[in-house]
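Next come the chains, spelled out residue by residue.
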Amino acid sequence: MSRFHSLTHLAAALSLCAVTACAPVDRQLMGNPENPYPRTAPPKVGEIVHLPTGTRVTMAQMLAVTRDARIVYVGEAHDNPASHRLELDILKGLARSGPGRQALGMEMFVRSQQPVLDRWVAGELDEKTFIKESHWFDNWKSDFDYYRDLLIFARDHKIPVIALNAEKSQVEAVRRKAPDQLGPVERAGLPELDLTDPYQRGMVTAIFGDHVRGGMQLEGFVRAQTLWDETMAESVAGYLSSRAGEGRRMLVVTGGYHVEYGFGIPRRVFRRLPASYVVICGHEIDIPREKQDQIMDVTLPLFPMVPSDFKVYLAYESLPQAGVRLGVEMGPAPAGRGLLVRSVGTGSNAERAGLKAGDILLSFDGAPLADSYDLIHAVKRKKAGDHGELQIERQGRRSRLDVIFQASGTDKAPHEKR
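The following refers to the structure shown. Bear in mind that the values here come from a model prediction, so they are computed numbers and not experimental data. (Residues numbered from 1 in each chain as written. Predicted model: local features only at pLDDT ≥ 70, side-chain atom pairs only at ≥ 80, totals over all residues. Heavy atoms only, no water.)

Let's talk about the side chain of H84
Selection criterion: Note on conventions: DSSP H or I runs of at least 4 residues are helices, E runs of at least 2 residues are strands, and numbering of each starts at the N terminus. Burial classes follow relative accessibility: with a 1.4 Å probe on protein chains only, a residue under 20% of its type's maximum area counts as buried, one over 50% as exposed, and anything between as partly exposed. By the criterion applied in these results, polar contacts are pairs of N or O atoms within 3.5 Å in which, for protein atoms, one can donate a hydrogen and the other can accept it, and in which residues neighboring in sequence qualify only through two side-chain atoms. What makes two residues a contact is simply this: any of their non-hydrogen atoms within 4.5 Å.
With respect to the element layout, H84 can be found in helix 3 (residues 81–97). Relative accessible area serves as the criterion here: at 6%, H84 is assigned to the buried category. Within the structure, the side chain of H84 is placed 2.8 Å from the backbone oxygen of H78, a separation counted as a polar contact. The contact partners of H84, leaving out residues within four places of it in the chain, are E76, A77, H78, Y146 and Y147.

This is how it looks when you write it as structure tokens:
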């Protein structure tokens with residue numbers, strides 16, 4: 001039969017179907033929409049898969065795809081160094097492909113920290129001053145070592161670092177009350193909040209299902225998650241739409257739940273600024289025993305989309321152990337005079353040096369101790385066999401103690417007692 005006759009018969013059949021109201025075809029779902037091309041072999045650490053096609057790619061091939069996107073989202077495990085190396089590799093790739101046209105958006109900073117970030121990128125702050133002035137440990141509470149290389153690369157290459165996240169006070173207000181119950185002061189500065197996304201509600205319900213009691217508490221979690229995502233989306237879209245962001249591409253680093261499946265930050269950015277984007281998520285498959293209890297036991301609903309454009313298989317690593325520790329729990333001393341020792345670890349370097357609970361630490365190696373990070377920063381630069389001199393006050397009398405640092409022992413580092 002000729003092509004003409006085939007099309008004629010097809011048209012006639014469709015017309016007949018329309019007239020006689022043909023019964024609808026039973027549409028059956030083919031495969032899993034989250035994993036349309038399932039693997040035929042177990043994944044290996046370092047492998048990268050383009051999920052929509054099931055194609056394994058190299059890092060160079062994935063980076064070539066990111067060069068075509070205005071926004072690259074990377075979903076991380078906050079405490080996995082492998083996640084942060086992936087982010088750094090992507091930022092380096094973007095910088096090579098278009099020098100001077102990148103920006104780095106980070107969940108880890110709230111928007112009021114932007115002036116400090118600007119000074120960091122301008123080279124006006126050393127690391128210690130940046131950590132203190134950004135109130136890193138108050139806002140994020142994660143070891144700065146996870147993000148050091150990424151932030152140093154951005155500073156050294158003059159890549160703007162954009163604070164994306166909502167202020168803690170906003171999150172607490174929205175967690176407690178619905179937006180229409182907030183007062184004018186609490187509503188000030190809030191982004192447009194779309195609380196109707198069913199997929200986000202399904203994800204939040206699954207994540208917090210075993211940790212909440214009562215519908216109102218769950219509603220608070222949904223509102224908080226929405227506020228985080230909407231604020232970060234507003235920050236991304238606002239910067240890229242501004243004169244400073246004109247012509248730039250942005251790498252957005254954030255926790256995986258904010259970008260996986262696209263209904264968190266990516267969809268909310270697109271609502272404000274339709275632009276091309278790529279989502280990349282790490283997936284930990286090599287998990288050591290000591291990390292097993294850090295994996296959330298969550299069964300998510302099935303979503304009608306792939307989790308990300310690219311999945312990168314990672315090992316779940318730990319930061320290298322600090323060479324030495326002091327082994328005290330500290331707090332501010334009365335009248336702001338140094339640091340008050342609240343407890344001393346048994347068998348610790350502090351105990352061997354003669355420190356006792358109730359002592360006030362005034363200086364370390366001659367440098368005054370204004371807050372706990374002054375001591376944390378100094379101790380982290382010591383190694384086994386090094387000495388350190390502490391000036392202390394005990395019961396009104398001042399003295400000096402020589403600390404000989406040993407790497408062994410069960411004591412805790414100061415930054416582990418936050």
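After presenting the structure, the write-up continues.
Description of the nonpolar core
Which entries qualify depends on this criterion: Among buried residues, the Ala, Val, Leu, Ile, Met, Phe, Trp, Tyr and Cys ones that are joined through side-chain atoms within 4.5 Å form a nonpolar core.
The biggest cluster of nonpolar side chains holds 48 residues, and the ones touching the most others in it are I90, L104, M106, F130 and I280. If you look at the next biggest cluster of nonpolar residues, it comprises 20 residues, including L164, M232, L240 and V252.

Description of the sheet that holds strand 6 (residues 249–255)
For clarity, the cut-off: Whether two strands pair depends on DSSP finding at least two bridges between them. Whenever a helix is involved, its axis is fitted only over the stretch in contact; in every case the axis is a line through C-alpha atoms, and angles between N-to-C directions fall within 0 to 180 degrees.
Reading across from one edge, 2-1-8-7-3-6-4-5 is the order of the eight strands in this open sheet, with mixed pairing throughout. The open sheet is flanked by strand 2 (55–57) and strand 5 (161–165), the only strands paired with a single partner. Each strand of the sheet is rotated relative to its neighbour by a mean of 30°, with strand direction disregarded. Bridge analysis of strand 1 (residues 48–50) against strand 2 gives three bridges, and the strand direction is antiparallel. Residue pairing for strand 2: V49 is matched across the bridge by R56. Lying over the sheet, helix 2 (residues 59–66) contacts strand 1, strand 2, strand 3 (71–76), strand 6, strand 7 (277–286) and strand 8 (310–315), oriented at roughly 100° with respect to strand 2.

Topic: unusual backbone geometry
With the exception of glycine, most residues fall at negative phi, and the peptide bonds are largely trans. Notably, K141 is not glycine yet its phi reads approximately 70°, a positive angle. The phi angle at Q395 is positive, at roughly 50°, despite the residue not being glycine. As for its placement among the helices and strands, Q395 is situated in the loop between strand 13 (387–394) and strand 14 (397–404). We classify Q395 as exposed; its relative accessible area is 80%.

Thoughts on the pairing of strand 11 (residues 360–364)
Each regular strand displays side chains that alternate between the two surfaces of the sheet. Within strand 11, five of the five residues are buried, which leaves the element mostly enclosed by the surrounding structure. Two strands pair when backbone bridges link them, and strand 10 (residues 339–344) and strand 11 are joined in this way by two bridges, in the antiparallel orientation. If you follow L340 over to strand 11, its bridge partner there is I360. Summarising the sheet, strand 11 and strand 12 (residues 367–368) pair through two bridges and their orientation is antiparallel. Each residue of the ladder has a partner; that of S363, found in strand 12, is P368.

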